[in-house]
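# Topology and contacts: notes
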Amino acid sequence: LGFEEVKIEGWTIVDILGQGGFSTVYKGYPTAERSSSSSSSSSSGTPQHNVIKHYDPANRRDRERETLNALALAGISNIPVVHAVVGDSVLVVIPVGNIIAPLKGGYRTNGTHWFILVGVLQAAHGEKIIHRDVKPDNIYVDADGGVILSDWGSSCLLGDEMIPFEGSAPFCVHVPGDTHKPTTQMDLVALVRSVFCMLTGLHPPPDYTAANAFWNDQFRP
């Protein structure tokens, strides 16, 4: 089905940003904004687009909402923030700007992005939150070129005991279904693999140590 056929009460859907195993992510705005000049619309009268994450009702995830609220409370930027919750299966978030496209294959990438993303992860780790699904599809730029780390639906707490892994191969250390103990390193390794893929267009090496030359020659500078 095309996104034109998607109906979410109170919202106008204008695009689809991605689809995963538990949810589909759309871009849209409150329908009322079409004929109003609310504060969330731009000065030109164009509605400000929101990211609308629509979970399968059987897989409702309160975890992501709780995680985003905790990160926002801690003052961590460059993440989506909860704007509204619709019904039992829709989480609406508004990014740190007007989200436009995921970063893929080096699209609008620069070194500042990676510096910021390391800071986002380290700040989250300071709050004992592990992302667990860092990958190119979850890294976005906004209309001003700022970077946003999205999709915290697989997050968990540092110190959790052995739990099933929910991230995405090949960027993550584990494969889906593996039982593991969450660590901060797994997020940073996934970021390095993602950067490798996004800057080179190549499949990331399965062995983290194989990316050492890339890390030293490209990422660290």
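Residues numbered from 1 in each chain as written. Predicted model: local features only at pLDDT ≥ 70, side-chain atom pairs only at ≥ 80, totals over all residues. Heavy atoms only, no water.

## Brief notes about the pairing of strand β8 (residues 139–142)
Side chains of β8 alternate between two faces, with Ile139 and Val141 and Tyr140 and Asp142 buried alike. Bridge analysis of β8 against strand β9 (residues 147–149) gives three bridges, and the strand direction is antiparallel. Across the sheet, the residue bridging to Ile139 is Leu149, located in β9. Two successive antiparallel strands, β8 and β9, enclose a turn made up of four residues, where Gly145 displays a positive phi of approximately 85°. (Buried < 20%, exposed > 50% of the residue type's maximum accessible area, 1.4 Å probe, protein only. Helix = DSSP H or I, 4+ residues; strand = E, 2+ residues; numbered from the N terminus. Pairing = 2+ DSSP bridges.)

## A few points about the packing of helix α2 (residues 111–126) against helix α3 (residues 184–200)
Following both chains from N to C, one finds α2 and α3 inclined at 165°, their axes separated by 10 Å at the closest point. Considering the angle they form, α2 stands roughly antiparallel to α3. For α2 against α3, the interelement crossing comes out right-handed. Across the interface between the two elements, Trp114, Leu117, Val118, Leu121 and His125 of α2 pack against Thr184, Asp187, Leu188, Leu191, Val195, Met198 and Leu199 of α3. (Axes fitted to C-alpha atoms, helices over the stretch in contact; angles between N-to-C directions. Parallel < 35°, antiparallel > 145°, perpendicular 65-115°, else oblique. Left-handed = near helix turned anticlockwise from the far one by under 90°. Contact = heavy atoms within 4.5 Å.)

## Section: the pairing of strand β2 (residues 23–30)
For β2, the buried fraction is high: eight of the eight residues fall into the buried class. Count of turn residues in the strand β1 (residues 11–19)/β2 antiparallel hairpin: three residues.

## Looking at the environment of Lys53
With respect to the element layout, Lys53 can be found in strand β3 (residues 50–55). Put simply, Lys53 and Tyr26 are 27 residues apart on the chain and 6.3 Å apart in space, counted from C-alpha to C-alpha. Looking at Lys53, its side chain comes within polar contact range of the side chain of Glu64, at 3.0 Å. (Polar contact = N/O pair within 3.5 Å; in protein donor to acceptor, adjacent residues only side chain to side chain.)

## Some details on the pattern of salt bridges
All told, the structure shown has three salt bridges when counted by the stated rule. One salt bridge in this structure joins Asp151 and Lys53, with 2.6 Å as the shortest N-O distance. In this pair, Asp151 is assigned in the loop between β9 and β10 (156–157) and Lys53 in strand β3, connecting sequence segments 98 residues apart. Assessed through its relative accessible area of 7%, Lys53 is described here as buried. One salt bridge connects Asp62 with Arg65, and the closest N-O pair in it is separated by 2.9 Å. Here Asp62 pairs with Arg65, and both are found in helix α1 (residues 62–73), just three residues apart, close to one helical turn. A residue is classified by how much of its surface remains accessible, and Asp62, at 32% relative accessible area, is partly exposed. Through salt bridges with shared partners, one network takes in Lys53, Glu64 and Asp151. (Salt bridge = Lys/Arg side-chain N within 4 Å of Asp/Glu carboxyl O.)

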